[in-house]
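Understanding the architecture of this molecule
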Amino acid sequence: MVLDAHARMVACLQGFIPTLFYGFIKALIRTRFITPPGTNRFDSEGDVWYGIPEFNLLAQNVTVPGLSPLFPDVHCTSDGTICQLTTGEGEINAATTITTLVHSSLFNLTQTYFMIAGIAGVNPKYATSGAVTFARYAVQVTLQYEFDAREKPASFSTGYVPQGSFAPGQYPAELYGTEVFEVNNDLKKLAVAFAKQAKLNDTKAAETYRLNYRTNPLFAVGAEAPSVVECDTATSDTYWSGVLLGEAFENTTTLFTNGTGVYCTTQQEDNATLESLLRGTKAGLVDFSRIIIMRTASDFDREYPGQSAADNLFGDPGAFLPSILNLHLAGVKVIEGIITGWDKTFAKGVKPSTLAQNPSSFPLHRPSSL
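Note that this is a predicted model, so its numbers are computed, not measured. (Residues numbered from 1 in each chain as written. Predicted model: local features only at pLDDT ≥ 70, side-chain atom pairs only at ≥ 80, totals over all residues. Heavy atoms only, no water.)

Section: the overall build of the chain
- A tally of regular secondary structure across the chain gives eight helices and 17 strands.
- Counting across all 370 residues of the chain, residues that qualify as buried make up 58%.
- Accessible surface computed for the chain: about 14,500 Å², of which carbon and sulfur atoms make up 56%. (Helix = DSSP H or I, 4+ residues; strand = E, 2+ residues; numbered from the N terminus. Buried < 20%, exposed > 50% of the residue type's maximum accessible area, 1.4 Å probe, protein only. Areas by Shrake-Rupley, 256 points an atom, 1.4 Å probe, with all protein chains shown as cover.)

Structural data, given as structure tokens:
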């Protein structure tokens, strides 16, 4: 199943009964809907999955009470093997949509592979515009105390302070339980291998823009052509821009993951989606080990040398179209890999090799003190 609203999901239904809309979804794509000024509706994250040659997601359109009023339907192939859903943008929309889906009696999601597939901002230290990224960790980076930067203590490197602590860099003493999620790294590796079979899209405008980053050796990767990258994602309802915030949230990711996470994309939904799926797993309705986080880079999270943070935010990096197209180009390879390998590999599930990812040892991976 595919989920939209700055987050996408792909799901396949096995044993689907069209008249009742019951069955097992093998793969589900979750997307979020966005239509930037000057673009057409068909350029959005959800629409890139419609009218494609590989499969028809509009063959069945199932209205689910409680989904977003803007996106009330789950779209599925005629045999129910693959479905797509749009959540709407932001953490509240993502959480309510996925919770509604998980608890709906219209689908059996116990064997479903969920692919979160949406666009994101990118850290030029680790990836570039148009890149396709796969995350092991999702970190809720702004779930902290915050000072306006003009009023923070002079000794503080940032206005963000972990909750229950007294300075940046101190491990949070108060935890809400949604700060960090770890998905199945073994499944992620398989998804990356599938995605690398794709020929990614790029544009001259995006290529020209990203070359501005090569003047800083730290941003050398940001000046390269799009590729498939393994790195982690940051969740925040706030759409932010700038080197200082970028570095602050890099440090937050490192701190909250005990030094194992590498922040490279920023988006607005994933921790909310994952918390809903975690609760669904604990209720026996989904399997948390069957989640893939795929984000493509539509813009940079910080300015290039000589540019302002405002110009970075309000300017046009020329990568929106490649990021949308690469969702499909790479994502369809992942979906096809799951479907083709269903009997041999995916029906029984991909067993996580780390204790933190074992669905029987909740709360999966969160800060180690939880």
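Further notes follow.
A short note on the confidence of the model for the chain
- This prediction gives the chain a mean pLDDT of 88; 86% of its residues lie at or above 70.
- Counted against residues more than four places away or in other chains, residues 1-23, with its pLDDT under 50, gives 190 contacts.
- Throughout residues 356-370 the model reports pLDDT below 50, and contacts reaching past four residues in sequence, or to other chains, amount to 42 contacts. (pLDDT = per-residue confidence, 0-100. Contact = heavy atoms within 4.5 Å.)

With respect to the pairing of strand β16 (residues 263-267)
- Within β16, five of the five residues are buried, which leaves it mostly tucked inside the rest of the structure.
- Summarising the sheet, strand β8 (residues 113-122) and β16 pair through two bridges and their orientation is antiparallel. Considered in β16, the bridge of Gly121 is made with Thr266.
- Of the strand pairs in this sheet, strand β15 (residues 232-235) and β16 are connected by four bridges, and their pairing is parallel. (Pairing = 2+ DSSP bridges.)

Overview of helix α7 (residues 320-340)
- End to end, α7 covers 30 Å across 21 residues, agreeing with the expected 30 Å (1.5 Å per residue, within 8%).
- Along its length, α7 reaches its greatest deviation from straightness, about 25 degrees, at Gly331. (Expected span 1.5 Å × (residues − 1). Bend = angle between axes of the 7 residues up to and from the residue.)

Description of the pattern of salt bridges
- A full pass over the atoms with the stated rule returns twelve salt bridges.
- For Asp202, the salt bridge is made with Arg210, and the minimal N-O distance between the two is 2.9 Å.
- Judged by relative accessible area, Asp202 falls into the partly exposed class, the value being 30%.
- Close ionic contact of Arg302 with Glu250 constitutes a salt bridge, the shortest N to O distance being 2.7 Å. On the criterion of sequence distance, the pair formed by Arg302 in the loop between β17 (291-300) and α6 (309-314) and Glu250 in helix α4 (residues 243-256) is long-range, its members being 52 residues apart. Judged on exposure class, the residue Arg302 and its partner Glu250 are both buried.
- The structure contains a network of salt bridges with shared partners spanning Lys125, Glu250, Asp301 and Arg302. (Salt bridge = Lys/Arg side-chain N within 4 Å of Asp/Glu carboxyl O.)

Some words on the packing of aromatic side chains
- In the structure shown here, the tally under the stated rule is 14 aromatic pairs.
- For the ring pair Tyr209 and Phe300, a centre distance of 6.3 Å and an interplane angle of 20 degrees mean the geometry is stacked. Taken together, the residues span a long stretch of sequence, with Tyr209 in helix α3 (residues 204-210) and Phe300 in strand β17 at a distance of 91 residues. Residue Tyr209 shares its accessibility class with Phe300, and that shared class is buried.
- Seen from their ring centres, Trp240 and Tyr263 are 6.4 Å apart, and the 40 degrees between their planes marks the pair as tilted. On the criterion of sequence distance, the pair formed by Trp240 in the loop between β15 and α4 and Tyr263 in strand β16 is long-range, its members being 23 residues apart. For the residue pair Trp240 and Tyr263, the accessibility class agrees, reading buried in each case. (Phe/Tyr/Trp six-rings, centres within 6.5 Å; stacked < 30°, edge-to-face > 60°.)

Regarding the pairing of strand β7 (residues 82-86)
- Most of β7 sits out of view: five of its five residues are buried.
- In β7, alternate side chains face the same way, and those of Ile82, Gln84 and Thr86 on one face and Cys83 and Leu85 on the other are all buried.

Concerning the state of the cysteines
- Inspection of the entire model under this criterion finds two disulfides.
- The disulfide partner of Cys231 is Cys264, and the S-S distance across this bridge is 1.8 Å. The sign of the 55 degrees torsion about the S-S bond sets the Cys231-Cys264 disulfide as right-handed. Taken as a pair, Cys231 in the loop between β14 (228-230) and β15 and Cys264 in strand β16 lie far apart in primary sequence, 33 residues in all. (Disulfide = S-S within 2.5 Å.)

A short note on the nonpolar core
- One finds Trp49, Met115, Phe134 and Val334 to be the most contacted residues of the largest nonpolar core, which totals 32 residues.
- Among the secondary structure elements, those contributing two or more residues to this core are β8, β9 (132-134), α2 (185-195), β17, α7 and α8 (342-346).
- If you tally residues by element for this core, the top one is α7, at eight residues.
- Ignoring anything within four residues of it in the chain, the contact list for Val334 reads Met115, Phe134, Ala191, Phe194, Ala195 and Ile292. (Core = buried A, V, L, I, M, F, W, Y, C linked by side-chain atoms within 4.5 Å.)

Re the packing of α2 against α7
- Relative to each other, α2 and α7 sit at 120 degrees, their axes nearing to 8 Å. When the axis of α2 is compared with that of α7, the two are oblique. The element α2 and its partner α7 pack so that their crossing is right-handed. Across from Ala191, Phe194 and Ala195 in α2, the residues of α7 making contact are Ala330, Lys333, Val334, Gly337 and Ile338.
- Its residues assigned to classes, the contact of α2 with α7 comprises six nonpolar, one polar and one charged. (Axes fitted to C-alpha atoms, helices over the stretch in contact; angles between N-to-C directions. Parallel < 35°, antiparallel > 145°, perpendicular 65-115°, else oblique. Left-handed = near helix turned anticlockwise from the far one by under 90°. Nonpolar A, V, L, I, M, F, W, Y, C, P; charged D, E, K, R; others polar.)

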